[in-house]
Amino acid sequence: MKRANKIEIKNMVASTTISNELNLDALAVALPDTEYEPEQFPGLVMRVKEPKAAVLLFSSGKAVCAGARSFKDIESVIDQVRERLKSIGFEVKPNPKIQVQNIVASTDLHIELNLNSIAVGLGLDQVEYEPEQFPGLVYRLPESKIVILLFTTGKAICLGARKREEIEEAVSKLEERLKLLTS
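Residues numbered from 1 in each chain as written. Predicted model: local features only at pLDDT ≥ 70, side-chain atom pairs only at ≥ 80, totals over all residues. Heavy atoms only, no water.

Participant: Go over the state of the cysteines, please, and point to the residues and values.
Facilitator: According to the stated counting rule, one finds zero disulfides in the structure shown. Free cysteine C65: the closest other cysteine sulfur is in C158, separated by 20 Å. Judged by relative accessible area, which is 1%, C65 ranks as buried. (Disulfide = S-S within 2.5 Å. Buried < 20%, exposed > 50% of the residue type's maximum accessible area, 1.4 Å probe, protein only.)

Written as structure tokens, this is what we have:
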């Protein structure tokens, strides 16, 4: 089996504490390009155009950034949000600690996959495969929290990692296991 193509990060979710507390009603008024509907969701949504991402701000001062594709982008987005809040008089933390919560990445294994035989071969305790419900096979790596969605085309989506290295290791282990199944 040919090694997987490069791993492409599609989305990163990270959290931080941007302030000790935030008045979301005041923010929604001061920042017209935000979305805040407390009866539907307790957070205020702020979108950043470059790099493209959304930040959820909560009254506790916590923030969740979603949609970025690198840690550098997350830092840039959080800095932009901090600057916007400072510019309208809100106190923000100078260097908030940012923690990646989840990375979603894709890759191509460069082979057609027989998901029925893979489901049996990888062990039904680690696999969910119901093609009538969803066209992909859900594989939970036994030694980690990472989940890989496999498709007959050989494409794979990796979820649950907090570092790129975890994704690379998971894809490598998957390739080894698939190689054993097909040899």
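Participant: Which residues make up the pairing of strand β4 (residues 53-57), and what are the values?
Facilitator: Buried residues dominate β4, accounting for four of its five residues. Across five bridges, the pairing between strand β3 (residues 44-48) and β4 is antiparallel. By the bridge assignment, V45 is partnered in β4 with L56. Linking β3 to β4, which pair antiparallel, is a turn of four residues. Where β4 lies against strand β5 (residues 62-68), four bridges are found, and the strand directions are antiparallel. By the bridge assignment, V55 is partnered in β5 with C65. (Helix = DSSP H or I, 4+ residues; strand = E, 2+ residues; numbered from the N terminus. Pairing = 2+ DSSP bridges.)

Participant: I'd love a proper account of the environment of E130, names of residues and values included.
Facilitator: For E130, the position within the fold is in the loop between β7 (127-128) and β8 (137-140). In this structure E130 comes out as partly exposed when scored by relative accessible area, which is 47%. Note: C-alpha distance between E130 and L113 (17 residues apart in sequence) is 15 Å.

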